[in-house]
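Observations on the model geometry
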Amino acid sequence: MEKDNSEQPSQILDSHSNAVPSPFPWLEGIGDDSLSTSRGFVFQFPPFPTLPQVKELTRPTAGLYFHIPFCAYKCSFCYYATSVTHDSRTVQRYLDALSMEMGSRTAQNRAERHDIRTMYIGGGTPTILEPEQLSGFILGIRERFDCGRVEEFTVESTPNTLTPEKAAALRASGVTRVSIGVQSFSDKINALNDRHHTVAEAFQAIKTARQAGIDNLNLDLICGLIGETQNSWKETIQTLLNVAPEHVTIYLFSMRPQTSAFKKVKESKVQRPPSEAERVALYTYARQKLLENGYTQTTPNCFVREPRFEHIHQSNAWSSLPLLGFGNSVYSFVDNTVTQNVSDISTYKELVSNGSSPVEIGHKLNARELMSRYCVLRFKQLRVVREDFRKSFGYDVTEVFGHEIERLEKLNLLTVDETAVSLTTKGTVYADDVCRTFYTPNVRQRLAEMEQGQPTSHIKAKSALRLSLA
Ligand SMILES: C[S@@+](CC[C@H](N)C(=O)[O-])C[C@H]1O[C@@H](n2cnc3c(N)ncnc32)[C@H](O)[C@@H]1O
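Notes on the structure in this doc start here. (Residues numbered from 1 in each chain as written. Predicted model: local features only at pLDDT ≥ 70, side-chain atom pairs only at ≥ 80, totals over all residues. Heavy atoms only, no water.)

1. A few points about the nonpolar core
The tendency in soluble globular proteins is for nonpolar side chains to be buried as a group. One finds Ile141 and Ile250 to be the most contacted residues of the largest nonpolar core, which totals 63 residues. At six residues, the largest contribution of residues to this core is made by helix α1 (residues 88-107). Apart from residues no more than four positions distant in its own chain, Ile250 is found in contact with Leu221, Cys223, Trp233, Ile237, Tyr283, Ala286, Leu290, Asn301 and Phe303. Judged by nonpolar contacts, the second largest core, of 22 residues, contains Phe401, Val421, Leu423 and Val434. (Core = buried A, V, L, I, M, F, W, Y, C linked by side-chain atoms within 4.5 Å. Buried < 20%, exposed > 50% of the residue type's maximum accessible area, 1.4 Å probe, protein only. Helix = DSSP H or I, 4+ residues; strand = E, 2+ residues; numbered from the N terminus. Contact = heavy atoms within 4.5 Å.)

2. Quick word on the packing of aromatic side chains
Scanning the entire structure with this criterion turns up 15 aromatic pairs. A centroid spacing of 5.4 Å and a plane angle of 80 degrees characterise the contact between Tyr374 and Phe389, whose relative ring orientation is edge-to-face. Of this pair, Tyr374 sits in helix α11 (residues 367-379) while Phe389 sits in helix α12 (residues 386-393), placing them 15 residues apart in sequence. Given a relative accessible area of 9%, Tyr374 falls into the buried group. Where Phe379 meets Phe438, the ring centres are 5.1 Å apart and the plane angle is 40 degrees; that geometry is what we call tilted. Of this pair, Phe379 sits in helix α11 while Phe438 sits in the loop between α16 (431-437) and α17 (441-451), and the two are 59 residues apart along the sequence. Look at Phe379 and you get buried, because its relative accessible area is 1%. The exposure class of Phe438 is buried, given its relative accessible area of 1%. Grouping aromatic residues by their ring pairs yields a cluster made of Tyr374, Phe379, Phe389, Phe393, Phe401 and Phe438. Looking at Arg256, its charged tip hangs above the ring of Tyr79, at a distance of 3.8 Å from the centre. (Phe/Tyr/Trp six-rings, centres within 6.5 Å; stacked < 30°, edge-to-face > 60°. Lys NZ or Arg CZ within 6 Å of the ring centre and 35° of its normal.)

If you want it as structure tokens, here you go:
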């Protein structure tokens with residue numbers, strides 16, 4: 001399209017009088033005496049003369065996520081879409097499907113136009129794959145995407161699946177960061193929660209990763225597991241500090257109805273987990289200890305030993321940079337559209353083998369929803385910087401969400417100053433509730449209906465969304 005200058009009236013002559021029309025009263029607004037049909041044809045916004053010069057064609061920075069939905073066993077607390085298998089052919093068939101999904105999406109030219117900076121293989125337990133499967137799978141990714149500028153490549157693992165051969169295969173394939181699910185440094189607590197590894201195995205896995213040359217290690221812990229006491233948690237945190245990983249994630253235990261932990265507690269087969277107040281005290285203790293020992297908090301759950309160990313993949317995704325997900329149940333965010341693949345593994349495999357898209361649900365966000373998403377994901381990074389919000393949306397965040405912010409300020413969950421709206425210490429504990437407060441009214445309405453057992457409008461909306469994406 002040719003550069004359009006039609007909104008510069010000095011370059012247009014009135015066809016009848018041959019006179020230059022008066023400039024449009026941009027600042028005062030139109031009145032009867034300033035109306036004119038001679039100022040040129042409006043066909044898009046913003047007018048080209050107001051746009052800045054583009055130095056070079058840029059491709060948006062993006063992350064790749066691959067889901068491996070298999071585990072060697074199911075932990076009692078786990079609510080993720082995973083399946084237990086010990087059969088490497090089952091795993092291979094799924095890897096073949098992943099490869100097909102990658103192939104069809106790169107063929108549709110949806111991936112190459114992104115500048116891939118982070119990669120993440122999560123699960124499930126990706127290190128359930130054999131060493132050759134890990135290397136072959138990663139090679140397949142590299143053949144399909146330009147990974148030359150990748151800054152961080154994470155693979156999730158567990159203590160009893162990270163063998164020296166697998167760690168070496170990961171490092172040789174360019175993995176820079178390994179995330180190990182330790183959950184607790186107490187054998188007793190792990191056993192009570194059907195977590196089948198010992199503390200000795202956790203130490204061994206950490207050593208294995210280090211020996212393979214992984215110098216960026218995340219350890220996951222769960223705060224408030226069944227059987228946890230103040231003393232056992234203090235010991236776990238002390239052990240964590242002795243190990244001194246580069247990155248720590250402390251999840252607050254969430255006991256979901258679909259888990260075996262929920263069932264066992266209901267049937268009084270195991271004791272109840274610590275109460276809400278006890279869990280908050282355990283989290284607060286861990287946070288305090290980590291900060292005292294030089295860690296910096298980067299999200300309500302994450303702590304880094306040095307700023308350079310911030311989890312780039314997560315912070316990019318939470319800064320709304322494009323994220324391309326592959327596999328069952330994964331989500332993607334591209335062109336302001338969030339989509340999720342079908343969760344059932346067999347259905348996923350069937351769809352991609354037939355050349356069909358595995359995307360099941362999705363929605364292109366409108367301007368108001370993008371503002372909500374922005375706040376939700378920035379509060380997951382502890383604060384909304386006012387100038388950044390203004391640059392993105394043209395408004396101050398307090399103009400758009402004044403009511404919500406005031407309410408959360410009164411509850412001592414947020415503080416507002418000239419530069420940012422930030423979570424307080426109490427806000428970091430209840431960060432997810434702070435985020436929920438910024439959901440759009442229609443999403444809150446749907447969630448309320450679903451929780452009251454009236455899923456009709458949601459189901460209708462779900463099929464409408466499917467149609468709108470078709
Ligand atoms: C996607 S999961 C799987 C990681 C890996 N398969 C493992 O078993 O360690 C990532 C993390 O979520 C956390 N997690 C899983 N279930 C949880 C729950 N019910 N409450 C809190 N955190 C949970 C655990 O810390 C786990 O390491």
